[in-house]
Amino acid sequence: MNEPLSVPFFRPSIGEEEIAEVVESIRSGWLTTGPKTRQFEADFEAYIGNDVQAVAVNSATAAMHLALEALGIGPGDEVILPTLTFTATAEVVRYMGATPVLVDVDPATLNLRPEDVEVAITPRTKAVMPVHFAGLPCDMTRIHAIARAHDLKVVEDAAHALPTVHAGGMIGTHGSDAVCFSFYANKTMTTGEGGMLVSTNAALIDRARKMRLHGIDRDVFNRFTDNKASWRYDVVAPGFKYNMTDVAASLGIHQLRRCDGFGEIRTARAARYDAAFADLPLILPPHPPEGDKHSWHLYIVRMSDDAPVDRDQFIAALQEANIGISVHYTPLHLMSYWRDLGNYSEGAFPGAEDIFRRCVSLPHFMAMTDAEQDRVIEVVRTVLGG
Ligand SMILES: *Cc1c(COP(=O)(O)O)cnc(C)c1O
C-alpha cells in the first residue's frame, strides 16, 4: 500500500536561472556586495516604482533597524506596533533603546486598527510600525493621516507584503518613511537570508547605505574599483554589518522576476483552499477590499466555535498525517520578554488572543502541487468532519 503523501509547510522555488547566476557570481570572484547587489537594488526600485530608492541588506530585521536608526529613534521614545507579529518588529525598537508599545489587531483583518494606534499615542510616541499581516494591506491612508496629525514616523514591516497592492499602489509606494521587505527562505521571494529597505527620503537612504556597512562613507565596491583613492575612506558612525552579498543578490535578481508569477500561484492556491473549506467550521482568511491585492504569503485558518476539535488537536491531527503547519504568531505580549517589559497580562489584547487561540497556517507555497494541496484538503476535511 502507498504511504499517504506528506506535505511540508514550505519548499522553496529556486530555478535554474537563479542557480546559474549564483555560480556566475562565485566564478566572477566578487562574493560580497558588488555589481549583483547594485543590479538587484536597481531592479527592485523599478519593480516597486514611484521613484523609490532601495538598500539591500542581509535581513528585514536589519532593514527595520537601519530605518529606526536613520530616523533618530532613541531612549525614551515609544514606537507603536501590533502584538500579532514576529518578534523582529519589536526587537529593533529595543536595539535603539526605545520602547515598543503594543496594540491589538482586528480579528476581521488580522491587522492593527488605526483607531487603536490613535489611542496608544502619548507625548513620547515617535513612530508606528504597521505589519501587513499575511500580505493583506493595512489601511495606510488612515495610518498616514494619524501619523501626520501627531508628527509620527511610519516604518512598514512589509515582510509578508511583496507583492501587495493597496489604494492603487504597491506596498512600498505609500509615502512611509521606510518600508522593509524580507527575503528569508520561506518568504514570498528569497535570497536565503536578505532584506530590502525602501524609501523616497534621500537622507534616510544615504544614512542607511553607510550604516549597513560599518558607517563607512563609501561602500567596499567603490573602494576597490575606484583606483584613484582605493584606500581612502572615512567612518562617520559605529555602523553595522548588514550588507547583502552578491551571492544572495544573484538569487534575488531572478526571484524578483518571478515575483508576480509567484503571487498569482499563491492567489490561485488560496482560492482553491477557500472553495474546498467553504462548508467547514473554519474562519477563512480575510480578503482585501475591492481593488487591493493580497500577496497571500500565508494561508491562515481559524477554528470556529462549532469545530469538533480545538486548535491544538487540529494541529496534532495534521502532524499525525505528516502535514507541515505553523502558527503565526504567539502574540508578543504573551512571550516572557515582551510581557515583562510592558507589564502585559493575558487578556490585554483580546483580538490577537482570540486569533492565536484558533489559528493555524497551512502549507501554501509556490512549489506546491495539486496532489499536495488535495492531500491537505483531504486531511483537513476529515479532521473537521467535512
Ligand atoms: C520574517 C519576518 C520578519 C523578519 O524578516 P528577516 O528577513 O528574517 O529579518 C519581520 N517581520 C515579520 C512579520 C516577518 O514575518
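The structure presented is a predicted model; accordingly, all values stated were derived computationally and were not measured.

## Quick look at the packing of aromatic side chains
Summed over the entire model, instances satisfying the criterion amount to 14 aromatic pairs. Taking 4.8 Å as the distance between ring centres and 40° as the angle between the ring planes, the aromatic pair formed by Tyr 273 and Tyr 299 counts as tilted. Here Tyr 273, found in helix H10 (residues 259-277), pairs with Tyr 299, found in strand S11 (residues 299-303); they are 26 residues apart in sequence, far enough to count as distant. Tyr 299 shares its class with Tyr 273; the two are buried. Where Tyr 344 meets Phe 349, the ring centres are 5.6 Å apart and the plane angle is 55°; that geometry is what we call tilted.

## A closer look at the site of the ligand
The full set close to the ligand counts 17 residues, and Thr 61, Asp 157, His 160, Ser 182 and Lys 187 are the nearest of them. With respect to the ligand, the side chain of Asp 157 contributes an N or O atom lying 2.7 Å from a nitrogen atom. In the model, an oxygen atom of the ligand is placed 2.7 Å from a nitrogen or oxygen of the Ser 182 side chain. When the ligand sits alone it has 380 Å² of accessible area, and the protein chains cover 93% of it. Comparing atom positions with the cavity grids shows the ligand to sit within the largest pocket. If you list the elements that add at least two residues to the shell around the ligand, you get helix H3 (60-70) and helix H4 (87-95).

## Comments concerning the domain arrangement of the protein chain
It is common to give the size of an interface as the accessible area lost on bringing the parts into contact. Segmenting the protein chain into domains produces domain 1 (16-257) and domain 2 (259-383). Using C-alpha coordinates to define each centre, domain 1 is positioned 26 Å away from domain 2. Taken together, the contacts link 42 residues of domain 1 with 32 residues of domain 2. Across the domain 1 to domain 2 interface the summed buried area is about 3,100 Å²; carbon plus sulfur atoms make up 64%. The largest contributions to the domain 1 side of the interface with domain 2 come from Thr 83, Leu 102 and Thr 188, which together make up 17% of the buried area. Our enumeration of links across domain 1 and domain 2 arrives at zero salt bridges. The tally of links between domain 1 and domain 2 comes to 21 residue pairs in polar contact (both at pLDDT 80 or more). Sorting the residues of the side of domain 1 that touches domain 2 by element identifies strand S2 (78-82), H4, strand S3 (99-103), strand S6 (165-166) and helix H9 (246-257) as the ones contributing at least two each.

## Section: the packing of helix H11 (residues 311-320) against helix H14 (residues 370-383)
It is at 10 Å that the axes of H11 and H14 come closest, and there the two elements cross at 135°. One element, H11, and the other, H14, form an angle in the oblique class. Relative to H14, H11 is oriented so that their crossing is right-handed. Each of Phe 314, Ala 317 and Leu 318 in H11 lies in contact with H14, whose residues at this interface are Val 379, Val 380 and Val 383. Looking at the contact of H11 with H14, its residues break down into six nonpolar, no polar and no charged.

## Let's talk about the pattern of salt bridges
Here the structure, examined in full by the defined rule, presents 24 salt bridges. Across the salt bridge formed by Arg 207 and Glu 69, the nearest N and O atoms sit 2.7 Å from each other. Pair noted here: Arg 207 is in helix H7 (residues 202-211) and Glu 69 is in helix H3, with a separation of 138 residues, a long-range link. Among the residues examined, Arg 207 registers a relative accessible area of 28% and is labelled partly exposed. Measuring nitrogen to oxygen at the nearest pair gives 2.9 Å for the salt bridge that ties Asp 206 to Lys 210. With Asp 206 and Lys 210 both in helix H7, this residue pair falls four residues apart, about one helical turn.

## Quick word on the environment of Glu 21
Note that Glu 21 resides in helix H1 (residues 16-28). Overall, the relative accessible area of 16% leaves Glu 21 in the buried class. Put simply, Glu 21 and Asn 111 are 90 residues apart on the chain and 37 Å apart in space, counted from C-alpha to C-alpha.

Parameters and conventions
- Residues numbered from 1 in each chain as written.
- Predicted model: local features only at pLDDT ≥ 70, side-chain atom pairs only at ≥ 80, totals over all residues.
- Heavy atoms only, no water.
- Phe/Tyr/Trp six-rings, centres within 6.5 Å; stacked < 30°, edge-to-face > 60°.
- Helix = DSSP H or I, 4+ residues; strand = E, 2+ residues; numbered from the N terminus.
- Buried < 20%, exposed > 50% of the residue type's maximum accessible area, 1.4 Å probe, protein only.
- Near = heavy atom within 4 Å.
- Polar contact = N/O pair within 3.5 Å; in protein donor to acceptor, adjacent residues only side chain to side chain.
- Areas by Shrake-Rupley, 256 points an atom, 1.4 Å probe, with all protein chains shown as cover.
- 1 Å grid on protein atoms, 1.4 Å probe; cavity = no way out; pocket = protein on both sides within 12 Å on 5 of 7 lines; lining within 4 Å.
- Sits in = over half its atoms within 2 Å of the grid points.
- Domains from an automatic or database assignment.
- Contact = heavy atoms within 4.5 Å.
- Buried area = accessible area lost by both parts, 1.4 Å probe.
- Salt bridge = Lys/Arg side-chain N within 4 Å of Asp/Glu carboxyl O.
- Axes fitted to C-alpha atoms, helices over the stretch in contact; angles between N-to-C directions.
- Parallel < 35°, antiparallel > 145°, perpendicular 65-115°, else oblique.
- Left-handed = near helix turned anticlockwise from the far one by under 90°.
- Nonpolar A, V, L, I, M, F, W, Y, C, P; charged D, E, K, R; others polar.

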